[in-house]
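Coordinates in review
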Amino acid sequence: MVTDAVDPFVVFTRDGWKCQSCKVKTPRKLRGLFADNAPELDHIVPISRGGEHTYRNTQLLCRRCNLNKGARAAGQLNLF
């Protein structure tokens, strides 16, 4: 398994502080709160499904979308 030291704030900045699923704004001040639009780090292919803990396999999702996604693979791997 490949792992990187992934800094969530680097991912959030890269993703423009917007949910990559529904495109809602996710303000930094909501990080760690239970608000629907709180920013959360998501593994596109979940670790439990063999996904890597890398920048390429992570994205910003709002809390609502992240809860709805669960442990399913959804989204698009970032190609950079």
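See above for the structure.
Residues numbered from 1 in each chain as written. Predicted model: local features only at pLDDT ≥ 70, side-chain atom pairs only at ≥ 80, totals over all residues. Heavy atoms only, no water.

**Observations concerning the overall build of the protein**
We apply this condition: Helical segments are the DSSP runs of H or I of at least four residues, strand segments are the runs of E of at least two, and each set is numbered from the N terminus. Here the radius of gyration uses the C-alpha set of atoms, whereas the globule reference equals 2.2 Å times the residue count to the power 0.38. Should any heavy atoms of two residues lie within 4.5 Å, those residues are counted as being in contact. Here the accessible surface of atoms and residues is derived via Shrake-Rupley with a 1.4 Å probe, and residues count as covered only by protein chains that are part of the display. The charged-residue count follows a simple rule in which Lys and Arg add positive charge and Asp and Glu add negative charge, with His and chain termini not counted at all. Positions of charges follow a simple convention, taking NZ of Lys, CZ of Arg, CG of Asp or CD of Glu.
Helices and strands together make up the secondary structure of the protein, namely 2 helices and 2 strands. Starting at the N terminus and walking to the C terminus, you meet the elements of the protein as α-β-β-α. Since a compact globule built from 80 residues should have a radius of gyration of about 12 Å, the 12 Å found for the protein is in line with a globular shape. Its C-alpha atoms give the protein principal-axis dimensions of roughly 30 × 25 × 20 Å. Expressed as a percentage of contacts within the protein between residues at least 6 apart in sequence, the contacts between residues at least 24 apart total 54%. Here the protein has roughly 4900 Å² of accessible surface; of this, 55% comes from carbon and sulfur atoms. Put simply, the protein has 13 plus and 7 minus side-chain charges, and the middle of one group is 7 Å from the middle of the other.

**Regarding unusual backbone geometry**
As a rule of thumb, non-glycine residues mostly have phi less than zero, and peptide bonds are mostly trans rather than cis. In this model, Trp17 sits at a positive phi of 55°, which is unusual for a non-glycine residue. Considering the arrangement of structural elements, one finds Trp17 in the loop between helix 1 (8-14) and strand 1 (39-43). The residue Lys23 is not glycine, and still its phi comes out positive at about 70°. If you trace the backbone, Lys23 turns up in the loop between helix 1 and strand 1.

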